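Reading the structure
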Amino acid sequence: MEKITFISTANPYKQVGLSEAVLSGLAGEKGLFMPRYIPALPASFFRQLGDLPLTEIAFEVSRSLLHDYIPDDDLMEIIRSSLTYDIPLKQLDEDLYVLELFHGPTLAFKDTGARFMAALFNYLLRDMGGRITILVATSGDTGSAVANAFSGYKGIKVVVLYPAGRVSEIQEKMLNNGGPNVTAVEIDGDFDDCQRLVRECFSDLSLSSEMNLTSANSINFARLFPQTFYYFHAMSQLGKPAKPVAISIPSGNFGNLTAGVMASAMGLGISHFIASCNSNHPVVDYLRSGIYKPAPSIHTITNAMDVGNPNNFPRLLHLFGKRHEEITRKLSGYWFDDNQTRTAMREIHIKYGYTADPHGAVGFAGLSEFMKTKKVCGIFLETAHPVKFSSSVEDATGIRVEVPESLRKMLLNTGKPVRSGNKLVEFRKVLQNIAY
Ligand SMILES: *Cc1c(COP(=O)(O)O)cnc(C)c1O
């Protein structure tokens, strides 16, 4: 089989190997790395899928893409050390399921990507003996997951940027709870300012090489790719449904949805995807009109989805050969404002006795819209534990969410963030004081 190299979405002639694609993070010229081609998994794999545990599934899926780069034993070790929790599919009604992605250490789906990425970086850097600094912009959950996943890894510094006053209390504590190799920086600005600062740091070539900067946002392929695993795992748990399967994904930067489309390109039988968004909805508009117009982000109760210009949109276009009619055949989009999100939380609670966090509720709302006209077996992704957004959940449903024991312990000792303005010159100074 031909070796799978990585190309840039901005320039298919730029080809690199795994280490360069993931350790450098960005492909330059605003491009993002993608595998040059996406391997289909063999029919024998799909025949066995229903009997395979998550780690075996993850191993087969990742081996199909990474076998040129990582020996089987090492790959299995990366998977075993990162996928240490359940990702259960729960049935709420005859054709309605929820995939719970929040059973990792920081109670959000981003643990899966961040932990695989940390283990992979550790493996790749082991032989190189190098030191790197990871810059990550977060609206809350990414930074918590990355801070936790990389905590304690030698030779890897992590700097997390988050918008001051715009993350929940639990998120803020988690962000400031990484090991000594993790620093949280509060930025005077919004999430888009944080993302812009990260981009500007990378574009500043002297800064970027002086500090060996890399990214841990879902622009990094190492975080995106492991998110394909749980789509396979969901279908494995579902068995053989009589109806076509549609999956609704509460989306912000569209990493999770892009991973689902990749899983489908690898041969997984998902017939339709639903992009469920909040009041930040340039992609939903694009699906309807064919015109993509990024906008400044709007603050909502689903803050992990407050993204006005989703990072992974170029990857999504790339996967569909940039053809609008191809995309809309496989993907529908809906958006909901905060009031509709609260209504959805109430509806799930009343109809199914299920407590969803506001992000999951947006996923449910999108799926419900779609299922009004299409006969499908529907799955929505629950991307965070409701306790992470307990005040919105309590507001909408009157339910008090219990704080899980693991979280209580984790939040006992937290540090203080460093503060920075949102101009590159300001952040640069802060960064130079922290990094190696
Ligand atoms: C990050 C996040 C999302 C959005 O995921 P994307 O991959 O950025 O689209 C949704 N819900 C929660 C809870 C998140 O943390």
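These numbers were taken from a predicted model, which means no experiment stands behind them. Residue positions are given per chain, counted from 1 along the sequence in the order it is written. Confidence filtering applies because this is a predicted model: local features only for residues at pLDDT of at least 70, side-chain atom pairs given and counted only at 80 or more, and all residues used for totals across whole chains, interfaces and linings. Remark: hydrogens and water are excluded; side-chain values derive from all non-hydrogen atoms of the structure.

The next subject is the layout of surface pockets. Cavity: a set of points on a 1 Å grid over the protein atoms alone where a 1.4 Å probe fits but cannot get out. Pocket: an open set with protein on both sides within 12 Å along at least five of seven lines, its lining residues, like those of a cavity, having an atom within 4 Å of a point. Grid points are joined across faces, edges and corners, and a volume is the space filled by probe spheres set on the points. Considered as a void within the structure, the second largest pocket measures approximately 430 Å³ in volume. Lining the second largest pocket are 21 residues; nearest its centre among them are Ser168, Glu169, Ile170, Lys388 and Ser390. Secondary structure elements are defined from DSSP: runs of H or I of at least 4 residues count as helices, runs of E of at least 2 residues count as strands, and each element is numbered from the N terminus. Counting only elements with at least two residues in the lining of the second largest pocket, the list comes to helix H7 (169-175) and helix H18 (390-397). Residues belonging to the lining of the second largest pocket are distributed by class as follows: eight nonpolar, eight polar and five charged. Note on residue classes: Ala, Val, Leu, Ile, Met, Phe, Trp, Tyr, Cys and Pro are nonpolar, Asp, Glu, Lys and Arg are charged, and everything else, Gly too, is polar.

Here the focus is empty space enclosed by the protein. Inspection of the entire model under this criterion finds three cavities of 30 Å³ or more. As a volume, the largest cavity reaches approximately 270 Å³. Along the wall of the largest cavity there are 26 residues; nearest its centre are Phe109, Lys110, Gly252, Asn253 and Ala304. For the lining of the largest cavity, the secondary structure elements donating two or more residues are helix H6 (141-150), strand S10 (245-250) and helix H12 (255-265). At three residues, H12 tops the list of elements feeding residues into the lining of the largest cavity.

All right, on to the nonpolar core then. Counting 100 residues, the largest nonpolar core has Phe121, Phe150, Tyr231 and Phe232 as its most contacted members. Looking at which element gives the most residues to this core, the answer is helix H5 (residues 110-128), with ten residues. Each nonpolar core is a collection of buried residues, namely Ala, Val, Leu, Ile, Met, Phe, Trp, Tyr and Cys, held together in the definition by side-chain atoms within 4.5 Å. Accessible area is worked out with a 1.4 Å probe on protein chains only. A residue is then buried under 20% of its type maximum, exposed over 50%, and partly exposed in between.

Bringing the environment of serine 236 into the picture now. Looking at the element boundaries, serine 236 is found in helix H11 (residues 229-238). Serine 236 has contacts with Leu49, Gly50, Leu52 and Ile57, leaving out every residue within four places of it along the chain. Two residues qualify as a contact provided that any one of their heavy atoms is within 4.5 Å of a heavy atom in the partner residue.

The next subject is the pairing of strand S6 (residues 132-137). Burial runs high along S6: six of the six residues are buried. A two-sided burial pattern is seen for S6, the buried positions comprising Ile132, Ile134 and Val136 on one face and Thr133, Leu135 and Ala137 on the other. A pair of strands is considered paired only if DSSP assigns at least 2 bridges between the two. Sheet analysis places S6 next to strand S7 (residues 156-163), joined by six bridges and oriented parallel. Its bridge partner lying in S7, isoleucine 134 is registered against valine 158. With its strands directed away from the observer, a crossover is right-handed exactly when the path from the first strand over the helix to the second travels clockwise. Between the parallel pair S6 and S7, the chain is carried across by H6, and the sense of this crossover is right-handed. Both S6 and strand S9 (residues 213-215) contribute to a ladder of three bridges, which runs parallel. Bridge pairing in S9 places isoleucine 134 opposite threonine 214.

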